[in-house]
Amino acid sequence: MKITLKDGSVKEYDHAMSAYDIAKDISEGLARAACLAEINGEGKDLRTVIDQDATLNILTTKDPAGIKTMRHTASHVMAEAVRRLRPEVKVAIGPAIENGWYYDFDTDKPFTREDLDAIEAEMKKVIKEGHELKRYTLPREEAIAKMEGMQEPYKVELIRDLPQDAVISFYDQDGFVDLCAGPHIMSTKGVKNFKLTSSSGAYWRGNEKNKMLQRIYGCAFDTKEELAEYLKKLEEAHMRDHNRLGREMHLFTTVDVIGQGLPLLMPKGARIVQALQRWVEDEEEKRGYLLTKTPLMAKKDLYIISDHWQHYKDGMFVLGNEEDPNAEVFALRPMTCPFQYYVFKAEPKSYRDMPCRYGETSTLFRNEDSGEMHGLTRVRQFTISEGHLIIRPDQVEDEFKGCVDLMRYCLTTLGLEEDVTYRLSLWDPDNADHYLGTPETWDIVENLMRKILNDIGIQYTEAKGEAAFYGPKLDIQAKNVYGKEDTMVTIQLDMFLAERFDMFYTDKDGLKKRPYIIHRTSCGCYERTLAWLIEKYAGNFPTWLCPEQVRVLPISEKYQDYAETVLKKLKDAGIKASLDDTAEKIGYKIRQARMDRLPYMVIAGEKEQESGTVSVRSRFLGDEGAKDIDAFIADVLKEIRDKTIRPNAPADEKDQKKA
Ligand SMILES: [Zn+2]
Ligand SMILES: [Zn+2]
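Here we summarise the structure given alongside this text.

1. Details of the overall build of the protein chain
Thought 1: Helix and strand content of the protein chain: 21 helices and 35 strands.
Thought 2: Seen through its principal axes, the protein chain has C-alpha atoms that stretch 90 × 80 × 55 Å.
Thought 3: A fraction of 68% describes how many contacts in the protein chain between residues 6 or more apart in sequence connect residues 24 or more apart.

This is the structure:
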């Protein structure tokens, strides 16, 4: 038989050989490093015997598919280690993921860091023992009987869900057997440079109606250096992770009895969101937006017109008994658009009334799968300043540019613009029945969007098939600390919904015409923007956003009165200030204020009292020395007004990491 290798060379053998033996024939080193055999383009175990002409590519941990096989084998090694330490656990599933793998276990006791360390030590033993992973298949009924015999209910369920004609394979590593399609590396010995990173609860099959299992995440790399680098990055991401830091800073919390995806903003978090919202609303007003305040729910009749009832009902919270023909049925709103359309329709409009720019800070509700809920970013209720611009077709260019300008102003002010990428989401002409309108209209508006973006000078990518069904959109994408990308802000052009809601204006020529609509957000929904800011600044927000901007620290009780005078002055000036009147030593108070990520603390003692000054310490420069109170207040007010973003002194961040 002829074996064609990746480099095009051909090896000839007169008998069947395993891929591993062929690798060995090529070089001992290759065989040692081998993880996976790509036989005729398909990833297979190295043990696979080849008995006819084939192409063969031997992959190692340097290849993506090779390292994936090693990572997946690590999940079996981990499952065996867990089973040795906790014989009573039931095993569920353990796939390879980016950088590593996870495995879900049914156990009453969550895994602590100490448990993970012990499992890691046990894994090292399993690896050293060098068990070979051998594949075999069983007929369906035998496979089920085997897993029932081993009391593995999750595996039984998985087999029952496989198609009738599926090949059911197992991997045996000298006693530990796992249901698995494979492929795997030859021996547990090949698992290297790994670390167990975390553990968390996870519903069986991601469904909250199922039992909560315990998931352990691990990672593994080709080299020690890559592992070390990854762990360092992960540690930094963890320090910034909004779902950890936001809770630690008392910005938000979640409560089981209130519900998944329904975070509570605590006083400090609520203050930040209030500052953002006031700023955005004021900016909208400056830019000619008309404020509306419309209901958070509506009869289902509205959603029938908007098409939500037909296509999005599962994503809405429905109120009232749908089965009862006499009952009024409502739904909480998933978006603001149709409500603002009726504001537009409430009075006749002429071409002179256009553009109508409506703005509203609104709470929206989306009934998403609870398994997906996460901190402030995957939620079922959120608040957003939404705008709907109802415009004449000849106003598209100016108004769209205005929306882009508002969005960029918001992101630049928050220091976030450097982190975003722009995506022009277009329709998919091969899937035309998913969209309203004709190819000609889409062509015209998509080209207009390109022209607008090129005029502004925005770098963007194009994404076919990502448009809304009613028009193309500009999506502003950003990544969280773990590299997961989301759409944070969106500006959408809508050529068709005005017709559905029978919206029109009277043009110059006296004829009734359909307007276009722009749907836009400016800095995204407030919960998510808060999460973004927490991660961007590691909790060290720009002063204007800080829920506590200045803390007054009296050196001792003797200077309490003076400290209170200073506090009153700060508060009267509109600065968010507080007083640390605890009996702690000044050094402790300073450390506490730094750990609380205060931008400013002012120290009040004898010297300061006599001279009517305060000693200023900031997150930006450290010790700033004595300052006249009024001068200090003027500086802080200017910083707040200008929304200045000042870089932090490195020492401060180090302190916070230690905490
Ligand atoms: Zn497997
Ligand atoms: Zn809208």
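2. A short note on the environment of Leu265
Thought 1: Relative to the helices and strands, Leu265 is located in strand β17 (residues 264-265).
Thought 2: Separated by 15 residues in the primary sequence, Leu265 and His250 have C-alpha atoms spaced 8.6 Å apart.
Thought 3: Apart from the residues lying within four places of it in its own chain, the contact partners of Leu265 are Phe252, Ala270 and Val273.

3. With respect to the environment of Met335
Thought 1: Inspection of the secondary structure puts Met335 in the loop between β21 (330-332) and α12 (337-345).
Thought 2: Note: C-alpha distance between Met335 and Glu236 (99 residues apart in sequence) is 36 Å.

4. Description of the nonpolar core
Thought 1: Ranked by size, the top nonpolar core spans 91 residues in total, and within it Met407, Val552, Val566, Val602 and Ala604 carry the most contacts.
Thought 2: Viewed by domain, this core spans two of them, domain 3 (264-296 + 333-535) and domain 4 (543-658), each represented by three or more residues.
Thought 3: Leave out the neighbours within four places in its chain, and Ala604 touches Val552, Leu553, Pro554, Ile555, Tyr559, Tyr562, Ala563, Val566, Gln609 and Val614.
Thought 4: Ranked by size, the runner-up nonpolar core spans 52 residues in total, among them Ile50, Ile58, Val191 and Leu196.

5. Here's the deal with the sheet that holds strand β19 (residues 297-299)
Thought 1: The strand order β19-β21-β20 describes an open sheet built from three strands, whose pairing is antiparallel. Unpaired on one side and paired on the other, β19 and β20 (318-319) mark the two borders of the sheet.

6. Re the sheet that holds strand β5 (residues 42-44)
Strand pairing in a sheet relies on backbone hydrogen bonds, with the paired strands running either antiparallel or parallel.
Thought 1: A sheet is described by the order of its strands in space; here five strands give the open sequence β2-β1-β7-β4-β5, paired in mixed fashion. Since the sheet does not close on itself, it has two edges, and those belong to β2 (10-12) and β5, each with one partner. Within the sheet, the average angular offset between the axes of one strand and its neighbour, ignoring direction, is 35°.
Thought 2: Of the strand pairs in this sheet, strand β4 (residues 36-39) and strand β7 (residues 54-59) are connected by four bridges, and their pairing is antiparallel. Looking at β7, one finds that Leu36 is bridged to Leu59.
Thought 3: Contacts between helix α1 (residues 19-26) and the sheet are confined to β1 (2-5), β2, β4, β5 and β7, with β7 contributing the most and set at about 75° to the helix.
Thought 4: The strands that helix α3 (residues 64-85) touches are β4, β5 and β7; relative to β4, the one it contacts most, it runs at about 135°.

So, how was this worked out
Along each chain, residue indices are assigned from 1 in the same order as the chain's sequence is written. To label them, take the chains in the order written and letter them from A, then take the ligands in the order written and number them from 1. With pLDDT at 70 or above as the cut-off, local features in this predicted model cover only qualifying residues; side-chain atom pairs require 80 or more to be listed or tallied, and sums for whole chains, interfaces and linings still use all residues. Secondary structure elements are taken from DSSP: a helix is a run of H or I of four residues or more, a strand is a run of E of two residues or more, and numbering for both begins at the N terminus. It is the C-beta atoms, placed from the backbone, that decide contacts: two residues are in contact if theirs lie within 7 Å. Think of a nonpolar core as buried Ala, Val, Leu, Ile, Met, Phe, Trp, Tyr and Cys residues chained together by C-beta atoms that fall within 7 Å. Any residue with 12 or fewer other C-beta atoms within 10 Å of its own C-beta is exposed, any with 20 or more is buried, and the rest are partly exposed; the C-beta atoms used are placed from the backbone. Where each domain begins and ends is defined by an automated method or by a domain database. The pairing criterion for strands is at least two bridges between them, as found by DSSP. The axes are straight lines fitted to the C-alpha atoms, using for helices just the contacting stretch, and the angles between their N-to-C directions are given from 0 to 180°.

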